[in-house]
Amino acid sequence: MARMRGFGTTIFAEMSALAARTGSINLGQGFPDTDGPPAMLERAVSAIREGANQYPPGPGVPELRQAVSEHRKDHYGLGYDPDGEILVTVGATEAIAATILALCEPGDEVIAFEPYYDSYAASVALAGAVLRPVTLRPDGGRFTFDPAELRAAVGPRTRLILVNSPHNPTGTVFTRAELEEIATLCRERDLLAVTDEVYEHLTFDGVEHIPAATLPGMRERTVMISSAGKTFSVTGWKTGWVCGPAELVRAVQTVKQFLTFTAAAPWQLAAAHALRHELGWVASLRADLESKRDRLTAGLSAAGFEVYRPAGTYFVQTDIRPLGFTDGLALTRELPSLAGVVAIPTQVFYARPERGRHFVRFAFCKKNEVIDEAVTRLTRLTRPGTGDSR
């Protein structure tokens, strides 16, 4: 169909295939190369052996819905009824797609902050809605938005604002002041907020993650999305959840039941265990990732990139112009032959690619020896037109 013709193979599939084909170090796709907490993994195994291998309830197994409810209350003071205000999905990607399909009519407008995770634009297109991007730009070493641009993006057909914090791919964690700008607009213009919070536990330097739903007047107009994948290093489990007012969650479930109907029971039971018993492990993961971030940012800076130090997520955003390059897509397609490393061109995450042409994203959720070898290779990157390596 016409509205999907612009969406081919995702950049993640392209670059991961390139890494495999060339034997390059893959600092592109954001998946860790170590597993999550052993007791959580064993809980999944025991669930399979105990017979949890048939369809679980469509909204999700009661144990996980209850564990999510407890987690939201304990960490954020948000009360969600596990029977009606929480829905388990096949990862956050399905949650986002089902939410947009459920809440947007054809022609409605969705505001998203670019660069954005690539599934956002595809989900908006599937709904027949219109994406209205608001650009995040570097300011003081981090990416942020202009409140005037955000306000100007709202029109008579605007239905919702899609908020991703901690933000992929820039690593920005929205401040309370930034979230207040969004919340004020939602309240004034009667807009919904859909919040992608999959990196909620992966913030650094003491930076606080603030869910938009905790702000005044926002719980009743926010669909809050997260997952087990990033928090517990099991991205392949594809186990996510939606929290929100019952009428909004019911709408999302109406769509979700015709996409996948339900999510795998063993992973749900293991995720429930993890939410209740493995957050100490997550604290160690966060500290380890902060160290890896510092390791990679120092190496990229030494290699000549301009580096934006992320406050959260798995990713470092870089500007390639100090190295003499101007096109991130062209560079990342050549990077395996130039340096034996794969990264992601940030321009593919923009509605207006020219605004991000000079940015490239690297993932640091890898073993230290992998990061070190990648940095060593990148320091030999040749400046274009000179033939000289540094």
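Everything numeric here is computed off the predicted structure, so don't read it as measured data.

Student: Hey, could you run me through the sheet that holds strand 7 (residues 158-164) in this one?
Tutor: Strands belonging to one sheet form pairs held by backbone hydrogen bonds; the direction of such a pair is parallel or antiparallel. If you trace the seven strands from one edge of the open sheet to the other, you get 2-10-9-8-7-3-4, paired in mixed fashion. The open sheet is flanked by strand 2 (86-89) and strand 4 (130-135), the only strands paired with a single partner. The sheet shows a mean angle of 20 degrees between the axes of neighbouring strands, direction not considered. Note that strand 7 and strand 8 (residues 192-196) share five bridges and pair parallel. Bridge pairing in strand 8 links Ile161 to Ala193. Each of strand 3 (109-114), strand 7 and strand 8 touches helix 7 (residues 176-189); the most contacted strand, strand 7, lies at about 165 degrees to it. The sheet contacts of helix 8 (residues 246-256) involve strand 2, strand 8, strand 9 (222-227) and strand 10 (240-243), and relative to strand 2 the element is tilted by about 25 degrees.

Student: Honestly, helix 5 (residues 119-126) in this entry has me stumped. Any pointers?
Tutor: In an α-helix, one turn spans 3.6 residues; hence positions three or four apart end up facing the same way. Counted residue by residue, helix 5 has seven buried out of eight residues, so it is predominantly covered. Where helix 5 is buried, its residues contact helix 4 (91-103), strand 3, strand 4, strand 7 and strand 8. Count one or two residues on from helix 5 and you reach Gly128, which has phi positive near 75 degrees.

Student: Teacher, can you tell me more about the pairing of strand 9 here?
Tutor: Within a regular beta strand, the side chains point alternately toward one face of the sheet and then the other, so they alternate between its two faces. Among the six residues of strand 9, six are classified as buried, and the element is accordingly described as predominantly covered. Here strand 9 shows no split at all, with Thr222, Met224 and Ser226 on one side and Val223, Ile225 and Ser227 on the other all buried. Taken together, the four bridges between strand 8 and strand 9 define a ladder with parallel strand orientation. Looking at the pairing, Val194 lines up with Val223 of strand 9. In the sheet, strand 9 pairs with strand 10 via four bridges, with the strands oriented antiparallel. Each residue of the ladder has a partner; that of Ser227, found in strand 10, is Gly240.

Student: Any chance you could explain the sheet that holds strand 11 (residues 306-308) here in plain terms?
Tutor: Read across the sheet, four strands follow the order 11-12-15-14 without closing on themselves; strand pairing throughout is antiparallel. In this open sheet, the two edge strands, each paired with only one partner strand, are strand 11 and strand 14 (344-345). Two elements, strand 11 and strand 12 (residues 315-319), share three bridges in a ladder whose sense is antiparallel. Residue pairing for strand 12: Glu306 is matched across the bridge by Asp319.

Student: What's the story with the packing of aromatic side chains in this structure? I'm lost.
Tutor: Each aromatic ring pair is described using two quantities: the centre-to-centre distance and the angle formed by the ring planes. Going through the model one piece at a time under the given rule, you end up with 16 aromatic pairs. Taking 6.0 Å as the distance between ring centres and 70 degrees as the angle between the ring planes, the aromatic pair formed by Tyr314 and Phe315 counts as edge-to-face. Residues Tyr314 and Phe315 agree in their burial class; the two are buried. Of the aromatic side chains, those joined through ring pairs into one cluster are Phe12, Tyr117, Tyr120 and Phe349. Over the ring of Phe315 we find Arg361, and its NZ or CZ is 3.5 Å from the ring centre. When the ring centre of Phe31 is taken as origin, the NZ or CZ atom of Lys366, which lies over that ring, is 3.8 Å away.

Student: Honestly, unusual backbone geometry in this entry has me stumped. Any pointers?
Tutor: Negative phi values dominate among residues other than glycine, just as trans dominates among peptide bonds. Ser165 connects to Pro166 through a cis peptide bond whose omega is -10 degrees. As for its position among the elements, Pro166 is in the loop between strand 7 and helix 7. Put simply, Asn168 and Pro169 share a cis peptide bond, and its omega is 20 degrees. Position of Pro169 among the secondary structure elements: in the loop between strand 7 and helix 7.

Student: I tried to follow the nonpolar core on my own but got confused; where do I start?
Tutor: Nonpolar side chains in soluble globular proteins generally cluster together in the buried interior. Judged by nonpolar contacts, the single largest core of 61 residues is most densely connected at Leu296, Phe305, Leu335, Phe362 and Leu378. A total of six residues in this core trace back to one element, the largest contributor, which is helix 4. Not counting the four nearest positions on each side in its chain, Phe305 is found in contact with Leu300, Thr318, Asp319, Ile320, Leu323, Phe362, Leu378 and Leu381. Tyr76, Phe232, Leu269 and Leu275 belong to the second-largest nonpolar core, a separate cluster that totals 30 residues.

Student: Before we go on, may I ask you to explain the UniProt feature "domain: Aminotransferase class I/classII large" (unreviewed entry) in the protein in this structure?
Tutor: Taken from the UniProt record, the annotation "domain: Aminotransferase class I/classII large" (unreviewed entry) applies to residues 25-378. Taken end to end, residues 25-378 has its terminal C-alpha atoms 11 Å apart, with 40% of it in helix and 18% in strand.

Student: Would you mind going over the pattern of salt bridges with me for this structure?
Tutor: Oppositely charged side chains are able to pair whenever their charged atoms sit close together. Scanning all chains against the criterion turns up 22 salt bridges. A salt bridge links Asp108 to Arg157; the shortest N-O distance between them is 2.9 Å. Within this pair, whereas Asp108 is found in the loop between helix 4 and strand 3, its partner Arg157 is found in the loop between helix 6 (147-153) and strand 7, the two being separated by 49 residues in sequence. Asp108 gets classed as buried once you look at its relative accessible area, which sits at 11%. The partly exposed category is assigned to Arg157, whose relative accessible area is 38%. Taking the shortest distance from any N to any O, the salt bridge between Asp294 and Arg309 comes out at 3.2 Å. With Asp294 in helix 10 (residues 279-303) and Arg309 in the loop between strand 11 and strand 12, the pair connects residues that are 15 residues apart, well separated along the chain. Overall, Asp294 belongs to the partly exposed group, its relative accessible area being 30%. The class of Arg309 is partly exposed, set by a relative accessible area of 45%. Each of the salt bridges in this network shares a partner with another, and the network as a whole consists of Asp205, Arg293, Asp294 and Arg309.

What counts and what doesn't
Residues numbered from 1 in each chain as written. Predicted model: local features only at pLDDT ≥ 70, side-chain atom pairs only at ≥ 80, totals over all residues. Heavy atoms only, no water. Pairing = 2+ DSSP bridges. Helix = DSSP H or I, 4+ residues; strand = E, 2+ residues; numbered from the N terminus. Axes fitted to C-alpha atoms, helices over the stretch in contact; angles between N-to-C directions. Contact = heavy atoms within 4.5 Å. Buried < 20%, exposed > 50% of the residue type's maximum accessible area, 1.4 Å probe, protein only. Phe/Tyr/Trp six-rings, centres within 6.5 Å; stacked < 30°, edge-to-face > 60°. Lys NZ or Arg CZ within 6 Å of the ring centre and 35° of its normal. Core = buried A, V, L, I, M, F, W, Y, C linked by side-chain atoms within 4.5 Å. UniProt positions renumbered as here; feature names shortened; annotations may be inferred. Salt bridge = Lys/Arg side-chain N within 4 Å of Asp/Glu carboxyl O.

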